Amino acid sequence: TGPLRSGEAVVSTQSTGGGKHTDPVWQVCWQENDLDNQLNFFSISSDGRVTSWCLIKNELHYTDIILIRMQSDAIEMETDVSMGGMGMDLACGTCFDFHKSTDYLFLVGTEEGKIHKCSKHYSSQFLDTYTAHHMAVYAVRWNNFHPRVFASCSADWTVKIWDHNYSDPMFTFDLGCSVGDVVWSPYSATVFGAVTDDGKVFIFDLAQEKYEPICTQSVVEKKKTKVTHLAFNQHYPMIAVGDDRGNARTLKLSPNLRKCLKEKAYSKESEIAKMEKLLELVREPTAK
């Protein structure tokens, strides 16, 4: 880790030790401190495990929260997660996201294209499963405002917008290439961005246009450069993107892409209402 400077301290130099994942880890996410005020985070891996790690006395202790069993074999998973998946045909986990207000609720994307709705309280089964994509799911993201809405993207070229109470997506967008990331904006419930393997960034605002992006921009200088990730700035009308050649870029959103930042009526309640109105327009009364 390199030499320490004066005044610095190492909290923990230990990796996972026992319980380490046996395949690549694709995402990690900090959680709120537990009841004993211990630092903890979650990880998801191709080995089919969603695992909680807790830092106790400078050591990492793990608990497998969910084992992602292939849905073709059985709907329910083994109740004994202490087996570590032995003898089970586990699906490859690729991504996850935790609900913004319901602490126990989270989504898991898989290499087979399914998305599972899970609870920290139930290790033996999924709350629900969405047959979401035909290829690997690369990102799932809960909306920053509306508590029922999430987005997903996939190698099957699509971005989909979901109401988690329904089995079918509310919106589907074909971007013509593998989609590496999708991210909701921090200032509007209806604005999100996505990036693709052909080097493009897409910005959508469902309140302005329900069927097409309001902006498409190529951001790479060389052909065959894949844009892999996207992030909105939390305070300024800017986004950052990264690619598979090691480049990171910042882009300023044009005025028509940041109208919400200037609206005086902006509030969480108004953003929820704006998204709810859209859902009512596309939702079929019998769809569930």
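Before reading further, recall that the structure is shown in the block above.
Rules used in this analysis
- Residues numbered from 1 in each chain as written.
- Predicted model: local features only at pLDDT ≥ 70, side-chain atom pairs only at ≥ 80, totals over all residues.
- Heavy atoms only, no water.
- Buried < 20%, exposed > 50% of the residue type's maximum accessible area, 1.4 Å probe, protein only.
- Helix = DSSP H or I, 4+ residues; strand = E, 2+ residues; numbered from the N terminus.
- Pairing = 2+ DSSP bridges.
- Salt bridge = Lys/Arg side-chain N within 4 Å of Asp/Glu carboxyl O.

Let's talk about the pairing of strand E6 (residues 105-110)
Two faces belong to every sheet, and in a regular strand the side chains alternate between them.
Phase 1: In terms of burial, E6 is a largely internal element, six of the six residues being buried.
Phase 2: In the sheet, strand E5 (residues 93-98) pairs with E6 via five bridges, with the strands oriented antiparallel. Bridging across to E6, Phe 96 finds its partner in Val 108.
Phase 3: In this structure, E6 lies alongside strand E7 (residues 114-119), joined through five bridges in antiparallel fashion. Paired with Leu 107 across the two strands is Lys 117, which belongs to E7.
Phase 4: Hairpin remark: E6 followed by E7, antiparallel, with three residues in the connecting loop; positive phi at Gly 113, about 100 degrees.

Overview of unusual backbone geometry
Phase 1: A positive phi is found at Lys 57, a non-glycine position, where the angle reads about 50 degrees.
Phase 2: Here Lys 57 is to be found in the loop between strand E3 (49-56) and strand E4 (59-67).
Phase 3: With a relative accessible area of 79%, Lys 57 lands in the exposed category.

Some thoughts on the pattern of salt bridges
Phase 1: Overall, the coordinates contain eight salt bridges when judged by the stated rule.
Phase 2: Asp 64 is the salt-bridge partner of Arg 49, the closest N and O atoms lying 3.0 Å from each other. Remark: Asp 64 occurs in strand E4 and Arg 49 occurs in strand E3; sequence separation between them is 15 residues.
Phase 3: The class of Arg 49 is buried, set by a relative accessible area of 6%.

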